[in-house]
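Here are the chains, one letter per residue:
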Amino acid sequence: MIVTADWVLSVAGPAIRGGAVLTDADGRIEQVAPLDQVVASHPDDVVERFDGCAIIPGLVNAHTHVSLTVLSGLVPRMPMRPFLSHVTAAIQAMSHGDFAASAALGALESLRGGVTCVGDIAYGPASLTACAGLGLAGVFYFEVLGIEHGGLRAQLERHCFPLARGACAHGRARCGISPHAPYSVGPEPLQAAVEVARETGASLAVHVAESVAERELMLGRGGPLLEVSARLAHGFEAPGVGSVAYLARLGVLQDIVAIHCANLEPGDPNLLATARGVVLCPRSNVYLQNGTPPVAALREAGVRLAIGTDSPASNTDLDLFEEARALLALDRDLTPQRVLEMVTRDGARALALDDRLGALAPGLDADLTVVRIGETADPVAAVVATGGCETVQAVMTAGRWRIRDGRPVGDVSVIETRAAAARDVAARAIAAGP
Ligand SMILES: [Zn+2]
């Protein structure tokens, strides 16, 4: 199939006016070039034309919790500690079916917003199954916290985590591990997670320096998370340095994707340049009253930056374009081109999925998003300024259309009905209190 629009923004090379993407029968990209060149070499292929649009790579939302999508709007803006209690109450009340329904809704909303790949924190297999079922790629990080010394592998085995050598290093939807945070997982399980990841090829993601309360705790000033760490992080003692330096001392920083990094110490940006990447979630940080990440300092230190929405429990929606615009507002030297790279290529690199997606280039999966931008000479600026659920015209994952004319392909009413029931369960649990 040949997909063409006014512009093709491949991220792998310069913008192509009147460009086209040729996909093959295996769902891969075969060629990216001006339309006449592609048609000349493949005259019999069907041409799908999108006037007034730009074709960009499918977006990478590098930090989500799709199985918490039904919590959207249920937890008001509040600081970290009470927020965790509310979300935990909902998680404990939700069944496997509720998580599956919530994850399917999250996958659907992701597609509507042009996202074809997620870095997702998962509480079981529901997220991967639901997302893969709707064509999304991603890393599904199984979340661990409160693990006792020597208990990580047993915990992973109980949840059927693939522990064979290299088992997590291929496919579009891969398993990862997420030790929740430095204060909720002791030092031994953190280091054990790195060992398992090196064996299995799994990616690692950790919430790092997210809250004001986390900073207070790590620096030895106690605070509202002290009780949480005493209960969950076996063997943990406040190190007297920030979370980033603590993870560097443990020897795990270079293996992880650090999520948030909104409350850093001086010198942390340079340390974070050695990590796999940092995922910024500026709207979630504001929602939980955690300030904003030092975007310019991270960028200038050469940190690999990706962007995530976090879950709709701590945000208003899963709109990655809106998150990108929030980031642009924090750093006046950040350009729309750099932001577009962060939500595509750099996100894929942070998730170690850049062998499959993140750009429009031959050999990569045919994941693409078509955005209506109208007549413009600066398509990158137009995409970043106006992208969103309202302007995403079509989305393809691995060569198959998932969104056409701005709407999901196929009947999604079952997903919406089941998600509404799961939302009732979560709402009741949150209303009853922790
Ligand atoms: Zn999160």
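Residues numbered from 1 in each chain as written. Predicted model: local features only at pLDDT ≥ 70, side-chain atom pairs only at ≥ 80, totals over all residues. Heavy atoms only, no water.

Chemist: So what exactly am I meant to see when it comes to the pattern of salt bridges here?
Modeler: Between side chains of opposite charge, a pair can form when the charged atoms approach closely. For the structure shown, the criterion picks out 23 salt bridges. Between D365 and R172 there is a salt bridge; the shortest N-O distance is 2.9 Å. Here D365 is found in the loop between α15 (345-350) and β14 (368-372), whereas its partner R172 is found in the loop between α5 (152-158) and β9 (173-179), with 193 residues between them in sequence. By relative accessible area, which is 1% here, D365 ends up buried. For R172, a relative accessible area of 14% corresponds to the buried category. (Salt bridge = Lys/Arg side-chain N within 4 Å of Asp/Glu carboxyl O. Helix = DSSP H or I, 4+ residues; strand = E, 2+ residues; numbered from the N terminus. Buried < 20%, exposed > 50% of the residue type's maximum accessible area, 1.4 Å probe, protein only.)

Chemist: Any chance you could explain the pairing of strand β11 (residues 256-260) here in plain terms?
Modeler: Regular strands place their side chains on alternate faces of the sheet. Summarising burial for β11: 5 of the 5 residues are buried, a large majority. Strand direction decides the pairing type here: β11 and strand β12 (residues 277-280), joined by 3 bridges, are parallel. Bridge assignment links I259 to a residue of β12, and that residue is V279. (Pairing = 2+ DSSP bridges.)

Chemist: In this structure, what is going on with the coordination of the zinc ion? I would like to understand it.
Modeler: For a metal with four tetrahedral donors the ideal donor-metal-donor angle is 109.5 degrees, whereas six octahedral donors ideally subtend 90 or 180 degrees. Summarising the metal site, the zinc ion is bound by the protein donors H63 (NE2), H65 (NE2), H207 (NE2) and D310 (OD), whose distances to it range over 2.1 to 2.7 Å. Given 4 donor atoms and angles of 81 to 170° at the metal, the environment of the zinc ion is assigned as irregular. According to the relative accessible area criterion, D310 is buried, its value standing at 4%. (Donors = N, O, S within 2.8 Å, 3.2 Å for Na, K, Ca; no water. Tetrahedral: all angles 85-135°; square planar, octahedral: opposite > 155°, others 65-115°.)

Chemist: Would you explain the packing of helix α3 (residues 96-112) against helix α17 (residues 413-432) in this entry?
Modeler: For any two helices packed against each other, one specifies the crossing angle of their axes together with the interaxial distance. Interhelical geometry of α3 versus α17 gives an angle of 125° and a closest axis separation of 8 Å. Relative to α17, the element α3 is oriented oblique. Between α3 and α17 the crossing geometry is left-handed. Mapping the contact onto sequence places D98, A101, A104, L105, L108 and R112 in α3 and I415, E416, R418, A419, A422 and V425 in α17. Residue composition of the contact of α3 with α17, grouped by class: 8 nonpolar, no polar and 4 charged. (Axes fitted to C-alpha atoms, helices over the stretch in contact; angles between N-to-C directions. Parallel < 35°, antiparallel > 145°, perpendicular 65-115°, else oblique. Left-handed = near helix turned anticlockwise from the far one by under 90°. Contact = heavy atoms within 4.5 Å. Nonpolar A, V, L, I, M, F, W, Y, C, P; charged D, E, K, R; others polar.)

Chemist: Looking at this structure, how should I read the packing of aromatic side chains?
Modeler: What describes a pair of aromatic rings is the distance from one ring centre to the other and the angle between the planes of the rings. As enumerated under the stated definition, the model contains 3 aromatic pairs in all. Look at F236 and Y246: their rings are 5.8 Å apart centre to centre, the planes differ by 80°, and that puts the pair in the edge-to-face class. Taken together, the residues F236 in the loop between α8 (226-232) and α9 (243-249) and Y246 in helix α9 connect sequence positions 10 residues apart. Note on F236: relative accessible area 12%, which makes it buried. Directly above the ring of W401 sits R404, whose terminal nitrogen or CZ lies 4.7 Å from the centroid. (Phe/Tyr/Trp six-rings, centres within 6.5 Å; stacked < 30°, edge-to-face > 60°. Lys NZ or Arg CZ within 6 Å of the ring centre and 35° of its normal.)

Chemist: I'm lost on the environment of T391 in this one. Help?
Modeler: Residue position: T391 is located in the loop between α16 (379-386) and β15 (392-397). Along the chain, T391 and G171 lie 220 residues apart, while their C-alpha atoms are 30 Å from each other. If we ignore the near neighbours within four places in the chain, the residues touching T391 are V370, V371, R372 and T386.

Chemist: Looking at this structure, I do not really get the sheet that holds strand β6 (residues 59-64). What am I missing?
Modeler: Strand pairing in a sheet relies on backbone hydrogen bonds, with the paired strands running either antiparallel or parallel. Taken together, 8 strands build an open sheet; the order of strands is β6-β7-β8-β9-β10-β11-β12-β13 and the sheet is parallel. The two strands at the open ends of the sheet, each matched to only one other strand, are β6 and β13 (305-307). Geometrically, the sheet is characterised by an average inter-axis angle of 25° between neighbouring strands, direction not taken into account. Two strands pair when backbone bridges link them, and β12 and β13 are joined in this way by 3 bridges, in the parallel orientation. Bridge assignment links V278 to a residue of β13, and that residue is L305. Strands β7 (115-122), β8 (137-144) and β9 of the sheet are contacted by helix α4 (residues 126-133), whose axis makes an angle of about 150° with β9.

Chemist: Would you explain the pairing of strand β5 (residues 47-57) in this entry?
Modeler: Judged from the 6 bridges that link them, strand β1 (residues 2-8) and β5 form a sheet pairing that is parallel. Across the sheet, residue V8 finds its bridge partner in β5, namely I55. Summarising the sheet, β5 and β14 pair through 5 bridges and their orientation is antiparallel. Residue I55 lies in a different strand from β14, and its bridge partner there is V370.

Chemist: Just checking my understanding: could you explain the environment of P162 for this structure?
Modeler: Following the sequence through the fold, P162 ends up in the loop between α5 and β9. Sequence separation of P162 and T200 is 38 residues, and the distance between their C-alpha atoms is 7.6 Å. Setting aside chain neighbours within four positions, we find P162 in contact with A167, C168, C175 and T200.

Chemist: What am I meant to see in the environment of L368 here?
Modeler: Locating L368 in the fold gives a position in strand β14. A C-alpha to C-alpha distance of 8.3 Å links L368 and A394, two positions 26 residues apart in sequence. Beyond its immediate chain neighbours, meaning those up to four positions away, L368 contacts V21, I55, I56, P57, G58, L360, A394, V395, M396 and W401.

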